[in-house]
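One letter stands for each residue in the lines below.
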Amino acid sequence: MGVSSATGSRYAAFGGYSTADEREEVPLLVYFSSISGNTARFVEKIQAKLGARAVRIPLHSTDADLVVDEPFVLVTPTYGGGQGRGEEKGAVPRQVIRFLNDEQNRSLIRGVISAGNTNFGEHFCIAGEIISRKCHVPHLYRLELFGTPEDVDRVSEGLERWWKLQ
Ligand SMILES: Cc1cc2nc3c(=O)[nH]c(=O)nc-3n(C[C@H](O)[C@H](O)[C@H](O)COP(=O)(O)O)c2cc1C
């Protein structure tokens, strides 16, 4: 299905493997979620609605690196923005940085969806801004925590339409 780890084992998407036809209809979602699991909850809802495949960036540095070989949309939470180490330092989870430091992975990103918490004010969802700027891809959507039903509807519909234009 186009997703493998550095050790050669394969990460099954939530919904298992899909056909080539499905691949053209809906994007692969690559996401990170910490142990609080908010982003994972959102991605599961998108997957249920859209039938998109999704694969999770490993949490621990001892886990095998994730390497993808097909275009994808990244879904990432924001962490640590504005913590006194520079406005943007720490906002993109280090696991996501590590994933994007792989040249092949970076070449396949087509868009980014960010999650955050509006309590962080001007730092709300800035991980998406940073990735959009650095990887030259659109920042498709910002959502709070695990998203509302409206977020799920908007992202599902938007992704389906947008992906067909890619
Ligand atoms: C230590 C910490 C720092 C955070 N920093 C930000 C931030 O700068 N901007 C933001 O929008 N959200 C921030 N958040 C909120 C998270 O992005 C939000 O809770 C998200 O849903 C976490 O996703 P996850 O459970 O999938 O890891 C922060 C949360 C924590 C715990």
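For the structure, see preceding data.
Now for a description of the structure that goes with this document. (Residues numbered from 1 in each chain as written. Predicted model: local features only at pLDDT ≥ 70, side-chain atom pairs only at ≥ 80, totals over all residues.)

We now examine the environment of Ile130. Along the chain, Ile130 turns up in helix 5 (residues 126-135). Judged by the 22 C-beta atoms lying within 10 Å of it, Ile130 is buried. Sequence separation of Ile130 and Lys89 is 41 residues, and the distance between their C-alpha atoms is 9.9 Å. Sequence-distant contacts of Ile130, defined by excluding residues within four places in its chain, comprise Glu88, Ala91 and Val92. (Helix = DSSP H or I, 4+ residues; strand = E, 2+ residues; numbered from the N terminus. Buried ≥ 20, exposed ≤ 12 C-beta atoms within 10 Å, placed from the backbone. Contact = placed C-beta atoms within 7 Å.)

As a further point, take helix 6 (residues 149-164). An ideal rise of 1.5 Å per residue puts 22 Å on 16 residues; helix 6 measures up with 23 Å between its terminal C-alpha atoms. Three or more residues of helix 6 are buried, namely Asp151, Val155 and Leu159. End-on, the buried residues of helix 6 take up no more than an arc of 50°, which puts them together on one face. Away from its buried face, by an angle of more than 90 degrees, helix 6 presents the exposed residues Pro149, Glu150, Glu157, Arg161 and Lys164. For helix 6, the secondary structure elements touched by its buried residues are helix 2 (38-50), strand 5 (72-77), strand 6 (109-116) and strand 7 (139-144). (Expected span 1.5 Å × (residues − 1). Arc of directions from axis to C-beta.)

Looking now at the nonpolar core. Counting residues in each nonpolar core, the largest one holds 40 residues, and the members touching the most others are Leu29, Val30, Tyr31, Val43, Phe72 and Leu74. Considering each element in turn, this core owes the most residues, 5 residues, to helix 2. Other than its neighbours up to four places away in sequence, Tyr31 contacts Thr39, Val43, Ala54, Arg56, Ile57, Val75 and Thr76. (Core = buried A, V, L, I, M, F, W, Y, C linked by C-beta atoms within 7 Å.)

Ordered in space as 3-2-5-6-7, the 5 strands form an open sheet in which the pairing is parallel. Looking at strand neighbours, the two that pair on one side only are strand 3 (53-56) and strand 7, the edges of this open sheet. Neighbour-to-neighbour, the strand axes of this sheet turn through a mean angle of 20°, independent of strand direction. When strand 2 (residues 28-31) meets strand 5, the two strands line up parallel, connected through 4 bridges. Bridging from a neighbouring strand, Leu28 pairs with Phe72 of strand 5. Contacting strand 5, strand 6 and strand 7, helix 5 crosses the sheet at an angle of about 165° to strand 6. (Pairing = 2+ DSSP bridges. Axes fitted to C-alpha atoms, helices over the stretch in contact; angles between N-to-C directions.)

A few words on the pairing of strand 3. Two faces, one strand: in a regular strand the side chains alternate between the faces of the sheet. Bridging between strand 2 and strand 3 involves 4 bridges; their strand directions are parallel. Opposite Leu28, over in strand 3, you have Arg53 as the bridge partner. After leaving strand 2, the chain enters helix 2 and then returns to the sheet as strand 3, a path that is right-handed. (Right-handed = clockwise from strand over helix to strand, strands pointing away.)

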